[in-house]
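Single-letter residue listing:
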Amino acid sequence: MKKNEENQNRRLDDTRHIYRKESLDDTSADVRGSKRDDFDLLPDEDLMGYIPGVDDIDHFDFDDSDVERYRKINEREAEEKAKRKKKKSKKESVSADEYEEQIRRELSEKRRTNKEIMRITYVMLLLFTGMIGYFIYFDAVTSKEVINNAHNSRLAKMAESVERGDILSADGEVLAESVDDGNGNYYRYYPYGCTFAHVVGTSEINKSGIELSADYNMISSDIQPLQKIFNEIMGKKNPGNSVITTLNAELQQTAHDALGDRQGAIVAIEPSTGKVLAMVSKPDYDPNSLVDNYEDIIQDENSKVLLNQSTQGLFVPGSIFKIVTTLAYLRSGGDPDSYSYDCDGYISLNSDNGESYIRCYDGEVHGELDLTDSFAESCNASFANLGLSIDINKMNQVSEDLLFNQNLPTQFTTAKSKFNIAESDSDWQIGATSIGQGNTVITPIHAAMLVSAIANGGTLMEPYVIDEIQNAEGTVLEKNTPESYGSLMSASESKQLTEMMKAVVDYGTGYRLSDRSYDAAGKTGTAEVVGRGNNAWFVGFAPADDPQIAVCILVEDAGTASRETVPIAAEMFDAYLNQ
């Protein structure tokens, strides 16, 4: 037992020794350093017998200086703490305002950013919509025009596997067809020869006319797919689509024969629809032999054989231009019932070379005339006088309204009719232009469009020559419908002009039409051409009160319109109205 007590005391001594050692060794630098100055550790001998958790150490050596020092330290800490708290409070207050402002700035910036994003989105959406719209427009409207370009090499490739389709008249006559030569090769044949030369055109050389404008349609084959496959297996060409025109074969033949060997042009239009019923241009050619004669034709630089004068020829209009002058007078506020002029057969006007004269045809003296009589008798002196009373700007405006100096609303390739008159022009120049002998030229199709609009109550229907496209089985693939260009004049103006044009036929220069079974309305014109004969014109329509056909007839190097063109108009009206 004693031995046990000794062992226990030994262990207790070891514990005291270890604790003392660890307490001295492990005390932090603060305790062993700075903190050591604040209080003294117990002497080593006082640690002897100390047991952690048993003996308490409560001995501290603090004097008054230590207390004072710690008080000051505590006061400084309290002051610093108060300052920090105040500063923190102020900072938090400032930070809250700044934070709120920052939030506002961020929101504003975000809104601006969103607006920019939306703008870009709208622009991209607009561009995308425009692109899609253009693709749709291109596919529906202009794709065939682009594909149909004569320089498109793909057309020749397509033609290798397709037998070119036919061109037919409105009454079912074949105007152009592909014929097998017996060896599997096809050539183009034109049954009417030169009768439809310019309007139908040719396909093998100098591609023009309908052969050019409907090229893509005729080398496309829209028969049943199984039939296509069968033809390809058998090594046969597929039949191309056919073009049905608005042309009337009998009327075309009448116009061609009536013009005879004379040069000129004839255009006939259905006023209510714009359908081209006939279109003849001379000199002409036989499309069946054009390949053989082409080189000889183009060697003559002055040759008009290949030119469609109906659409691309420009001619001095002469007295048919009095329609324009009359309309300008009406729009200037002129009263047709009060107009009066005493014709002596000429009018003397100042020109750039002094006094000059504008004479009536063959010096004829018309005497006292009102506006309708001046129009019916085609009195040059009266209309030169009338032109001088019209404001220059009004004259120019009316000519623009009637499609001078601009592209015509038609699918035909046409030349621009021209009109020019200025304040600086002499009286003679203004008078000459007012009767169609000055600074003005016109195409025959334009003249036909003007009288067609008059016949249709002032509304112009756009001229067209292709009525529909059919496949080889007779199914209609495309159908053209009449389109209105708009009003060239009011219904009242149209009616006034119609009454004057009826007077031309009743007792004026177009009297050779007065003996028909129908009433006609028209205007003649005899344009003097320097160094050549006259250009004789007739424009008009019939029946006068229910127009079904409007015509323009031009004969070059001719005599008077009354003798040259009015009889042709009678043949045209008879042929069409008596069908």
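Residues numbered from 1 in each chain as written. Predicted model: local features only at pLDDT ≥ 70, side-chain atom pairs only at ≥ 80, totals over all residues. Heavy atoms only, no water.

**Re the overall build of the protein chain**
- When you go through the protein chain residue by residue, the secondary structure sums to 22 helices and 21 strands.
- Taken over 579 residues, the protein chain has a buried fraction of 42%.
- A separation threshold of at least 6 residues defines the contact pool for the protein chain, and within that pool the share at least 24 residues apart is 66%.
- Carbon together with sulfur atoms contributes 48% to the accessible area of the protein chain, which is approximately 31,400 Å² in total. (Helix = DSSP H or I, 4+ residues; strand = E, 2+ residues; numbered from the N terminus. Buried < 20%, exposed > 50% of the residue type's maximum accessible area, 1.4 Å probe, protein only. Contact = heavy atoms within 4.5 Å. Areas by Shrake-Rupley, 256 points an atom, 1.4 Å probe, with all protein chains shown as cover.)

**Details of empty space enclosed by the protein**
- Per the stated rule, a full pass over the model turns up three cavities of 30 Å³ or more.
- Its boundaries defined by the atoms lining it, the largest cavity holds a volume of some 80 Å³.
- What lines the largest cavity is Pro-317, Ile-320, Phe-321, Ile-323, Val-324, Phe-404, Ile-442, Ala-447, Leu-450, Val-451 and Val-539.
- Broken down by secondary-structure element, the contributors of at least two residues to the lining of the largest cavity are helix H14 (322–331) and helix H19 (444–455).
- Considered class by class, the residues forming the lining of the largest cavity number 11 nonpolar, no polar and no charged.
- Approximately 40 Å³ is the volume found for the second largest cavity.
- Taken together, Leu-175, Tyr-190, Tyr-192, Gly-193, Phe-196, Ala-197, Val-200, Gly-201 and Pro-287 make up the lining of the second largest cavity. (1 Å grid on protein atoms, 1.4 Å probe; cavity = no way out; pocket = protein on both sides within 12 Å on 5 of 7 lines; lining within 4 Å. Points joined across faces, edges and corners; volume = space filled by probe spheres on them. Nonpolar A, V, L, I, M, F, W, Y, C, P; charged D, E, K, R; others polar.)

**Some remarks on the layout of surface pockets**
- Within this model, the second largest pocket holds a volume of roughly 760 Å³.
- In terms of lining, the second largest pocket is formed by 33 residues, of which the most central are Ser-319, Cys-360, Tyr-361, Asn-380 and Thr-526.
- Mapped by element, the contributors of at least two residues to the lining of the second largest pocket are strand S11 (354–359), helix H18 (427–434), strand S19 (521–527) and helix H21 (561–564).

**A look at the sheet that holds strand S16 (residues 466–470)**
- Strand order across the open sheet formed by six strands is S4-S3-S2-S6-S16-S17, with mixed pairing between neighbours. What marks the edges here is a single partner per strand, and that holds for strand S4 (186–189) and strand S17 (476–479).
- Where strand S2 (residues 167–168) and strand S3 (residues 174–180) come together, two bridges link them in antiparallel fashion. In the strand pairing of S3, Leu-168 is matched with Val-174. (Pairing = 2+ DSSP bridges.)

**A few points about the nonpolar core**
- Core analysis: the biggest nonpolar cluster contains 86 residues, and Leu-402 and Trp-537 have the highest contact counts within it.
- With nine residues, H19 is the single largest residue contributor to this core.
- The contacts of Leu-402, once residues within four sequence positions are left out, are Val-324, Leu-327, His-446, Leu-450, Leu-488 and Met-489. (Core = buried A, V, L, I, M, F, W, Y, C linked by side-chain atoms within 4.5 Å.)

**Quick notes on a negative patch on the surface**
- A contiguous patch of negative charge on the surface is contributed by Asp-335, Asp-337, Asp-342, Asp-344, Glu-368 and Asp-370.
- Its place among the elements puts Asp-337 in the loop between H14 and strand S9 (341–343).
- Here Asp-337 falls in the exposed class, since its relative accessible area comes to 72%. (Patch = residues over 30% accessible without salt bridge, like charges linked within 9 Å, V, L, I, M, F, W, Y side chains within 5 Å. Salt bridge = Lys/Arg side-chain N within 4 Å of Asp/Glu carboxyl O. Lys, Arg positive; Asp, Glu negative; His and termini not counted. Charge placed at Lys NZ, Arg CZ, Asp CG, Glu CD.)

**Here we look at unusual backbone geometry**
- In this structure, the amide linkage connecting Lys-282 to the following residue, Pro-283, adopts the cis form with an omega of 10 degrees.
- Mapped onto the secondary structure, Pro-283 falls in the loop between strand S8 (276–282) and helix H12 (290–299).
- In this model, Ala-542 is joined to Pro-543 through a cis peptide bond whose omega is -15 degrees.
- With respect to the helices and strands, the residue Pro-543 is situated in the loop between strand S20 (534–542) and strand S21 (549–558).
- With a phi angle near 55 degrees, Ser-378 is a residue other than glycine that sits in the positive phi range.
- For Ser-378, the position within the fold is in the loop between helix H15 (371–376) and helix H16 (380–388).
- Exposure remark for Ser-378: the relative accessible area of 11% places this residue in the buried category.
- For Leu-403, which is not glycine, the phi dihedral falls at a positive 80 degrees.
- As for its placement among the helices and strands, Leu-403 is situated in the loop between helix H17 (392–401) and strand S13 (418–419).

**Section: the pattern of salt bridges**
- According to the stated counting rule, one finds 17 salt bridges in the structure shown.
- Where Glu-211 meets Arg-164, a salt bridge forms, and the shortest distance between an N and an O atom there is 3.0 Å. Here the residue Glu-211 occupies a position in helix H8 (residues 209–213), and Arg-164 occupies one in the loop between strand S1 (162–163) and S2, the gap between them amounting to 47 residues.
- Among the ionic pairs, Lys-502 bridges to Asp-545, the shortest N-O distance being 3.3 Å. Residue Lys-502 is found in helix H20 (residues 491–507), and its partner Asp-545 is found in the loop between S20 and S21; the two are separated by 43 residues along the sequence.
- Residue class for Lys-502 comes out buried when judged on its relative accessible area of 16%.
- Via salt bridges that share partners, Arg-164, Arg-188, Lys-207, Glu-211 and Asp-215 belong to a single interconnected network.

**Focus: the packing of aromatic side chains**
- Taken as a whole, this structure holds nine aromatic pairs when the rule is applied.
- A centroid spacing of 6.4 Å and a plane angle of 65 degrees characterise the contact between Phe-404 and Phe-419, whose relative ring orientation is edge-to-face. Of this pair, Phe-404 sits in the loop between H17 and S13 while Phe-419 sits in strand S13, and the two are 15 residues apart along the sequence.
- Here Phe-419 falls in the buried class, since its relative accessible area comes to 4%.
- In this structure an aromatic cluster arises from ring pairing among Phe-321, Phe-404 and Phe-419.
- The cationic tip of Arg-359 hangs over the ring face of Tyr-346; the distance from NZ or CZ to the ring centre is 5.8 Å.
- Taking NZ or CZ as reference, Lys-523 lies 5.6 Å from the ring centre of Phe-375, over its face. (Phe/Tyr/Trp six-rings, centres within 6.5 Å; stacked < 30°, edge-to-face > 60°. Lys NZ or Arg CZ within 6 Å of the ring centre and 35° of its normal.)

**Quick word on the packing of H14 against H20**
- One way to put it is that H14 packs onto H20 with a least axis distance of 11 Å and a crossing angle of 135 degrees. Relative to H20, H14 is oriented oblique. In this structure, H14 meets H20 at a crossing whose hand is right-handed. Contact residues: H14 offers Ile-323, Thr-326, Leu-327, Leu-330 and Arg-331, while H20 offers Glu-493, Gln-496, Leu-497 and Met-500.
- For the contact of H14 with H20, a count of residues per class yields five nonpolar, two polar and two charged. (Axes fitted to C-alpha atoms, helices over the stretch in contact; angles between N-to-C directions. Parallel < 35°, antiparallel > 145°, perpendicular 65-115°, else oblique. Left-handed = near helix turned anticlockwise from the far one by under 90°.)

**Some thoughts on helix H22 (residues 566–577)**
- Taking 1.5 Å per residue, 12 residues should reach 16 Å; H22 reaches 16 Å between its end C-alpha atoms and fits that length.
- Val-566, Ile-568, Ala-569, Ala-570, Met-572, Phe-573, Ala-575 and Tyr-576 are the residues of H22 that are buried. (Expected span 1.5 Å × (residues − 1).)

**Focus: the packing of H14 against H16**
- Two elements in contact, H14 and H16, have axes separated by 10 Å at closest approach and are oriented at 40 degrees. Relative to H16, H14 is oriented oblique. Along this stretch, H14 crosses H16, giving a crossing that reads as left-handed. Across the interface between the two elements, Lys-322, Thr-325, Thr-326 and Tyr-329 of H14 pack against Asn-380, Phe-383, Leu-386 and Gly-387 of H16.

Taken by themselves, the reported measurements are silent on function.
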